[in-house]
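Architecture at a glance
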Amino acid sequence: MKVLKGNPVKEKIISDVKNYIDAGKDKVGILLATDDKSAAVYARAQVKMFSKYGIDVDLYSPTKDVKQDEILSRIKKWNSDENLHGIMLLSPMYRQLNRNEIVESLESDKDIEGIKAINLGKLMLNENGLFPPTAVASVEILKYYGIETEGKNCVIAGRSVIVGKSLAILLLRYDKMGNATVTVCHSKTANIKDYLRRADIVFAAIGRAGYFKASDFKEGSVYVDIGINVVEKNGKRIIVGDVEPDKVEHLYAYTPVPGGVGTVTNAILLRNYVESKRRKDFNC
Ligand SMILES: NC(=O)c1ccc[n+]([C@@H]2O[C@H](COP(=O)([O-])OP(=O)(O)OC[C@H]3O[C@@H](n4cnc5c(N)ncnc54)[C@H](OP(=O)(O)O)[C@@H]3O)[C@@H](O)[C@H]2O)c1
């Protein structure tokens, strides 16, 4: 049984892209228009990650009374900044804001989270584009460890646009890291465990700590745990996945939490940044 650690995958991706970064010149814009504590923690982690690779972060965290127009004018400024190649929008946003309008105001090639309709459309059409990092990371981690999805019975738990649905489309692509038979389950799926028990590869992305048990998965299967849940254990706050790794010896492989998909997701975000920058340089 193999533990598919994210770190070597991350290192490989970063070594492939880091030479394309102009440290001290390149910039990224992050919008944190919320008082949600988890979003603030995530924003700080992103600032640290981009700064580590020499990319300056313009973190815009307006007060609660911010107007839609103020946000749109900041996005406009970021869109026209020649050295700023990526924009991230943290969720949730203050209630008065129209998130869809803000998302669609991004220049498509700076949408490093792959959340604009045009980038999601390119994903669907199998064209080059910027795709949601978590979905991409879930496939990249398997690819790195030589686990192909072609011909496999893949079951995804979770149908959000940026994780479950995007992942389903990636797994249907016409190559060795696609060509899977894909089932997407959600909160209204009846007898979800029956689907998971038959899967060759389970992708868990529901946001519920230890909701599934590794012992329920079939002999020789693989699970990719995408969930990130903060729980209290012995008075400490720790991060756990959606799968309880209660018994793993019968599996072929699994990704740990923390240290699995989440680690790779950051590297894909950086790769999307570099991709966005190169598109501008090559005018494509
Ligand atoms: N590793 C990373 O880099 C990364 C990045 C982003 C998110 N995440 C994590 O991934 C998880 C999912 O994130 P998300 O943004 O996709 O969350 P989300 O938007 O809240 O979607 C959760 C999905 O899970 C489904 N679901 C909830 N409870 C369920 C249950 N008991 N049985 C079956 N399906 C259930 C929901 O079904 P309905 O549609 O029917 O409501 C929904 O489709 C979270 O833990 C999040 O922290 C990780």
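Residues numbered from 1 in each chain as written. Predicted model: local features only at pLDDT ≥ 70, side-chain atom pairs only at ≥ 80, totals over all residues. Heavy atoms only, no water.

As a further point, take the packing of helix α6 (residues 133-144) against helix α7 (residues 161-171). Relative orientation of the contacting elements α6 and α7 amounts to 50°, with a least axis distance of 8 Å. Put simply, α6 runs oblique to α7. Considering how the two elements wind past one another, α6 and α7 form a crossing that is right-handed. Seen from α6, the contacting residues are Thr134, Ala135, Val136, Ser138 and Val139; seen from α7, they are Ile162, Val163, Ser166, Leu167, Leu170 and Leu171. When the residues that make up the contact of α6 with α7 are grouped by side-chain class, the tally is eight nonpolar, three polar and no charged. (Axes fitted to C-alpha atoms, helices over the stretch in contact; angles between N-to-C directions. Helix = DSSP H or I, 4+ residues; strand = E, 2+ residues; numbered from the N terminus. Parallel < 35°, antiparallel > 145°, perpendicular 65-115°, else oblique. Left-handed = near helix turned anticlockwise from the far one by under 90°. Contact = heavy atoms within 4.5 Å. Nonpolar A, V, L, I, M, F, W, Y, C, P; charged D, E, K, R; others polar.)

Quick look at the UniProt feature "domain: Tetrahydrofolate dehydrogenase/cyclohydrolase catalytic" (unreviewed entry) in the chain now. Taking the numbering used here, the UniProt-annotated feature "domain: Tetrahydrofolate dehydrogenase/cyclohydrolase catalytic" (unreviewed entry) corresponds to residues 4-113. Between the first and last C-alpha atoms of residues 4-113 the distance is 24 Å; the span itself is 43% helix and 15% strand. (UniProt positions renumbered as here; feature names shortened; annotations may be inferred.)

Ordered by their spatial adjacency, six strands build an open sheet running β1-β13-β9-β7-β5-β6, and the pairing between neighbours is parallel. The sheet terminates laterally at β1 (2-3) and β6 (181-185), the two strands that pair on one side only. Where strand β5 (residues 153-157) meets strand β7 (residues 201-204), four bridges bridge the pair, whose relative direction is parallel. Bridge pairing in β7 links Ala157 to Ala204. Contacts between α7 and the sheet are confined to β5, β6 and β7, with β5 contributing the most and set at about 165° to the helix. (Pairing = 2+ DSSP bridges.)

Turning next to the sheet that holds strand β2 (residues 27-31). Backbone hydrogen bonds hold the strands of a sheet together, and the pairing may be parallel or antiparallel. Pairing is parallel across the open sheet formed by three strands, whose spatial order is β3-β2-β4. Edge positions in the open sheet fall to β3 (56-60) and β4 (84-89), since each of these has one partner strand only. Strand after strand, the sheet turns through a mean of 20° between neighbouring axes, direction not considered. Relative to β3, helix α2 (residues 37-52) is tilted by about 160°, and along the sheet it contacts β2, β3 and β4.

Under the criterion given, the structure shown has 13 salt bridges. A salt bridge links Lys277 to Asp26; its shortest N-O distance comes to 2.9 Å. Of this pair, Lys277 sits in helix α9 (residues 261-281) while Asp26 is found in the loop between α1 (6-17) and β2, placing the two residues 251 residues apart along the sequence. You can call Lys277 buried: its relative accessible area is 5%. A salt bridge links Asp109 to Arg279, with the nearest nitrogen and oxygen atoms 3.5 Å apart. Remark: Arg279 occurs in helix α9 and Asp109 occurs in the loop between α4 (99-104) and α5 (117-124); sequence separation between them is 170 residues. The exposure class assigned to Asp109 is partly exposed, which follows from its relative accessible area of 22%. Taking the relative accessible area as the measure of exposure, Arg279 reaches 8% and is therefore buried. One connected set of salt bridges, linked through shared partners, spans Asp22, Asp26 and Lys277. (Salt bridge = Lys/Arg side-chain N within 4 Å of Asp/Glu carboxyl O. Buried < 20%, exposed > 50% of the residue type's maximum accessible area, 1.4 Å probe, protein only.)

In this model, the second largest pocket occupies a volume close to 420 Å³. For the second largest pocket, the lining is made up of 20 residues, of which Gly129, Phe131, Val136, Arg173 and Arg271 are closest to its centre. For the lining of the second largest pocket, the secondary structure elements donating two or more residues are α5, α6 and α9. Its residues placed into classes, the lining of the second largest pocket shows seven nonpolar, four polar and nine charged. (1 Å grid on protein atoms, 1.4 Å probe; cavity = no way out; pocket = protein on both sides within 12 Å on 5 of 7 lines; lining within 4 Å. Points joined across faces, edges and corners; volume = space filled by probe spheres on them.)

Among the five residues of β5, four are classified as buried, and the element is accordingly described as predominantly covered. Examined bridge by bridge, β5 and β6 share five bridges and lie parallel to one another. Note on β6: the bridge partner recorded for Cys154 is Val182. After leaving β5, the chain enters α7 and then returns to the sheet as β6, a path that is right-handed. (Right-handed = clockwise from strand over helix to strand, strands pointing away.)

Together, Asp65, Asp69, Glu70 and Glu101 line one region of the surface with negative charge. Here Glu70 shows up in helix α3 (residues 68-80). (Patch = residues over 30% accessible without salt bridge, like charges linked within 9 Å, V, L, I, M, F, W, Y side chains within 5 Å. Areas by Shrake-Rupley, 256 points an atom, 1.4 Å probe, with all protein chains shown as cover. Lys, Arg positive; Asp, Glu negative; His and termini not counted. Charge placed at Lys NZ, Arg CZ, Asp CG, Glu CD.)

We now examine the packing of α1 against α6. Contact pair α1 / α6: the axes reach a minimum separation of 10 Å and the direction vectors enclose 95°. Put simply, α1 runs roughly perpendicular to α6. Note on element contacts: α6 touches α1 through Glu140, Ile141 and Tyr144, opposite Gly6, Pro8, Val9 and Lys12. The residue makeup of the contact of α1 with α6, split by class, is four nonpolar, one polar and two charged.

A separate point is the domain arrangement of the chain. Domain boundaries assigned for the chain yield domain 1 (22-107) and domain 2 (133-262). Computed over C-alpha atoms only, the centres of domain 1 and domain 2 are separated by 29 Å. (Domains from an automatic or database assignment.)

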